[in-house]
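These are the residues of each chain, in order.
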Amino acid sequence: MNMSELLAPAGNYDAFIAAINAGANAVYIGLNSFSARAYANNFTIDEIKNLVEYAHLRNVKVFVTMNTIIFQDELPLAYSTIDELAKANIDAIIIQDLALLDYVAKCYPSIEAHASTQMGIDDLEGITSLEKLGVKRVVLAREVPIEKIKYFKTKTTMPLEAFIHGALCVSYSGNCLISGLIGMRSGNRGRCVGSCRKLYNLVNLTTNEVFPKNYLLSMKDLNTTYNVQDLSIIDSLKIEGRMKEPYYVYSVVNSYRKIIDGDTNIKEINANLTKTFNRTFTKGYLFGEAPANITNTKKPNNYGYYIGKVTNRKGSMVEIKLTEVLNQGDQIRFDLNDIDEVSLPIVKMYDKNNKLINSSNTYAYVECKERINIGSSVYKTKDKDFLSSLEQSMKNEYWSYPVNMYLNLEGNELSLTVYYDEYFGSSDKVLIEKANNNPTTIESIKKQLSKLGNTPYYLDSLNINFNEEWFIPVSILNNLRRQAIEDLNKNRLKISDTNKTPYTFTKQIFPTINPIITASVKTKEQYEVCKSLGIKHIYYENIIPRNNAEYKNLDSEVLIGGIGGLEYYQNNDVITDYSFNVVNAESVNILHSLGAKRVTLSHEINKQQIKNLVTEYYHKNGGYPNLEMIIYGRQEMLHTKYCPIKKMGECGKCKSNQYAVKDDFETFPILTDNDCSTTILNGKILNLIEEISLLDHINYFRLAFTIESSDEIIQVFNNLQSKLNGINVKCFNSKTDTRGHFNKEIL
């Protein structure tokens, strides 16, 4: 099968080697900083240099993730890190922040800038915008269906990458603020705390009905093994898993490699995939999974695979009727109900006669102090035998390349030259003597030179220009082989041109004006109220969302959520929304250069970071930017294609009822869209009206109205107008309001 690049994750050294030995064409890894998987072990620059050499000798590429948002004071280190990565000869950097993307594209033609899935690209306009910025590959949003990707491929030559296996975010990537708002750890900074894997209730706020608590937002794992043939149009097939152990990486990567190589036993491959970490599987939005089937509301962690039921219990001894083999050293879990479970390592197990056994495929008796119900399902979450088999397979090189050797004798000086592709490597010359009685045979020479273990080579041919009348010690043959291979490797690893092109930009300057009030609204009624208050800039029907955008011709200014809007609305006054995640002056300059009249700052920037941004912008441009900032409103914690209301059997009732999700501390309202996507709002209201005196050179203050009544809109507007007029207004309610990240730095 002629297939795409298979791209594997690695969060540590063992996983990196496992990925390559499993058959990956490329591996993506993270640094100790600037990585969207900050809790993986990750790597230093020096470690990356060694990994790149290992991979490149096997014709495997190495991509480094720097896919977080970068605050102003972090940019110098981020730029110098890119400079060091260039010297390490990496192949690409995966990026979210526009400042880094622009820096790589302009300064290092030898390194490909890949737009991270954190940028949420799901339309052709977004791809076109990034191509103009110098991006060499786009990692598509996970929500993009295969039919749409096929359409993209007919309209663009941009290489496209898509996730095909692993954990899924419930939110459009890069547009999720829930971790930062609940736990002060930003997903856009690589420190997601997994808030979507928590227990929630769905609540009908209209009727006060509370639905049973479950893992309402926890997505199943993506699995496209049954659809690999359809993936061939995609340039790179990406597996998620930089937080996963090496066994997982090897198992998943090798599963897809087998299918790509022609293995048709997909059922067996899938059975093995359940033997490492999984949350049960979905074919994802990529292949049209129904939103109701894309979550696993019972378990947010490793589901394992079914092996039997509890059929009896006497005291602490539990009887399990098995459908699969259970071995000593395995780990199992008992499902007590839809939520609760008990995990148990199998240290000892017994037969019905109370004799210790190592294995059983009929009945097993295990001791468990927890109360286990008869009839409870039993799942294996650690399969000792399977992991042992993986451990052996992981040692074997997948990539192996033919070399041709020429053993040359001139006089009594012997040397070896090794050829691979257009490269060659040579040994030193050594003196040998003619044999007195036991000459070295051609067969023994070939046997010794064929010993290419721990290298990516095998001997394809050997040419010898002398006969069997010489004595060549084994040690000499070994040294010749080692020297020639080392020289070959050195020649293959010669670093390509990494000269840095000077970074350039176009200065963009705007006047600082007395702050103007803007408003975004969700309903016609809210729009009319804002209009009656004299607000000139109202975002309602002129809002083009970041994802699943429907571009339409507009005569007015346009608030755009994604970079594709800059391509489509080149003739309009464009305002970029908070979803661009702008936290540094360079990103502001880039957006102004692309045509943005105003740039809205991220929700995840604090007051000191805003000052740093404005100061640096003035220093580099000789003037100020045109900034907008949301200072009031329920922040959109996440936007998702999934509908939790439908999941709980309430489809369609959102038209006449208001719903929310609720945890143990807060209630989060849900907004529904006509396309059945949903937005979950923060339970508390961002309110920075009392703080605006601390915000210099912000030209526009936005009031973001979502579920507010007309009276509430009028009151909020009056509070802000009074504050702008110099009246000391007290309008912050500590019970209902929050200052978000304004006074403290998000992690």
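This section reports on the structure supplied with the text. (Residues numbered from 1 in each chain as written. Predicted model: local features only at pLDDT ≥ 70, side-chain atom pairs only at ≥ 80, totals over all residues. Heavy atoms only, no water.)

1. Let's talk about helix H15 (residues 585-593)
Phase 1: H15 sits mainly inside the fold: eight of its nine residues count as buried.
Phase 2: Just past H15, the residue Gly595 takes up positive phi, approximately 115°. (Buried < 20%, exposed > 50% of the residue type's maximum accessible area, 1.4 Å probe, protein only. Helix = DSSP H or I, 4+ residues; strand = E, 2+ residues; numbered from the N terminus.)

2. With respect to the packing of helix H11 (residues 442-449) against helix H12 (residues 474-492)
Phase 1: The interhelical angle for the contact between H11 and H12, taken along N-to-C directions, is 45°, at an axis separation of 9 Å. Looking at the two axes, H11 sits oblique to H12. The interaxial crossing formed by H11 with H12 has right-handed handedness. Contacts from Ile445, Gln448 and Leu449 in H11 reach Val474, Leu477, Asn478 and Arg481 in H12.
Phase 2: Looking at the contact of H11 with H12 residue by residue, the classes come out as four nonpolar, two polar and one charged. (Axes fitted to C-alpha atoms, helices over the stretch in contact; angles between N-to-C directions. Parallel < 35°, antiparallel > 145°, perpendicular 65-115°, else oblique. Left-handed = near helix turned anticlockwise from the far one by under 90°. Contact = heavy atoms within 4.5 Å. Nonpolar A, V, L, I, M, F, W, Y, C, P; charged D, E, K, R; others polar.)

3. Looking at the sheet that holds strand E37 (residues 636-640)
Phase 1: Read from one edge to the other, the open sheet built from six strands follows the order E9-E8-E38-E39-E40-E37, with strand pairing classed as antiparallel. Two strands lie at the open edges of the sheet, namely strand E9 (209-210) and E37, each paired on one side alone.
Phase 2: Bridge count for E37 against strand E40 (residues 678-681) is four bridges, and the pairing is antiparallel. Bridge pairing in E40 links His639 to Thr679. (Pairing = 2+ DSSP bridges.)

4. Topic: a nonpolar patch on the surface
Phase 1: Taken together, Tyr39, Val193 and Met243 make up a surface patch of nonpolar side chains, about 290 Å² in accessible area.
Phase 2: Looking at where Val193 falls in the secondary structure, it is placed in the loop between helix H7 (178-183) and strand E8 (201-204).
Phase 3: Overall, Val193 belongs to the partly exposed group, its relative accessible area being 43%. (Patch = residues over 30% accessible without salt bridge, like charges linked within 9 Å, V, L, I, M, F, W, Y side chains within 5 Å. Areas by Shrake-Rupley, 256 points an atom, 1.4 Å probe, with all protein chains shown as cover. Salt bridge = Lys/Arg side-chain N within 4 Å of Asp/Glu carboxyl O.)

5. Let's talk about the pairing of strand E16 (residues 331-335)
Phase 1: Burial runs high along E16: four of the five residues are buried.
Phase 2: Here E16 runs beside strand E17 (residues 341-345); their pairing, made up of five bridges, is antiparallel. Bridge pairing links Ile332 to Leu344 in E17.
Phase 3: In this structure, the hairpin formed by E16 and E17 is closed by a connection of five residues.
Phase 4: Bridge count between E16 and strand E22 (residues 377-382): four bridges; the pairing is antiparallel. Residue pairing in the sheet places Arg333 in a bridge with Tyr379 of E22.

6. So, the packing of helix H4 (residues 98-107) against H15
Phase 1: For the pair H4 and H15, the least separation of the axes is 7 Å and the interaxial angle reads 75°. Judged by the inter-axis angle, H4 sits roughly perpendicular to H15. Residues Leu98, Ala99 and Asp102 of H4 form the contact with H15, whose participating residues are Glu586, Ser587, Ile590 and Leu591.
Phase 2: Considering only residue class, the contact of H4 with H15 consists of four nonpolar, one polar and two charged.

7. What to know about the nonpolar core
Phase 1: Counting residues in hydrophobic clusters, the biggest one holds 208 residues, and the most contacted among them are Phe16, Ile29, Met66, Leu130 and Ile631.
Phase 2: If you tally residues by element for this core, the top one is helix H8 (residues 246-260), at eight residues.
Phase 3: Formed by 19 residues, the second largest nonpolar core is a distinct cluster that contains Ile307, Val310, Leu322 and Ile332. (Core = buried A, V, L, I, M, F, W, Y, C linked by side-chain atoms within 4.5 Å.)

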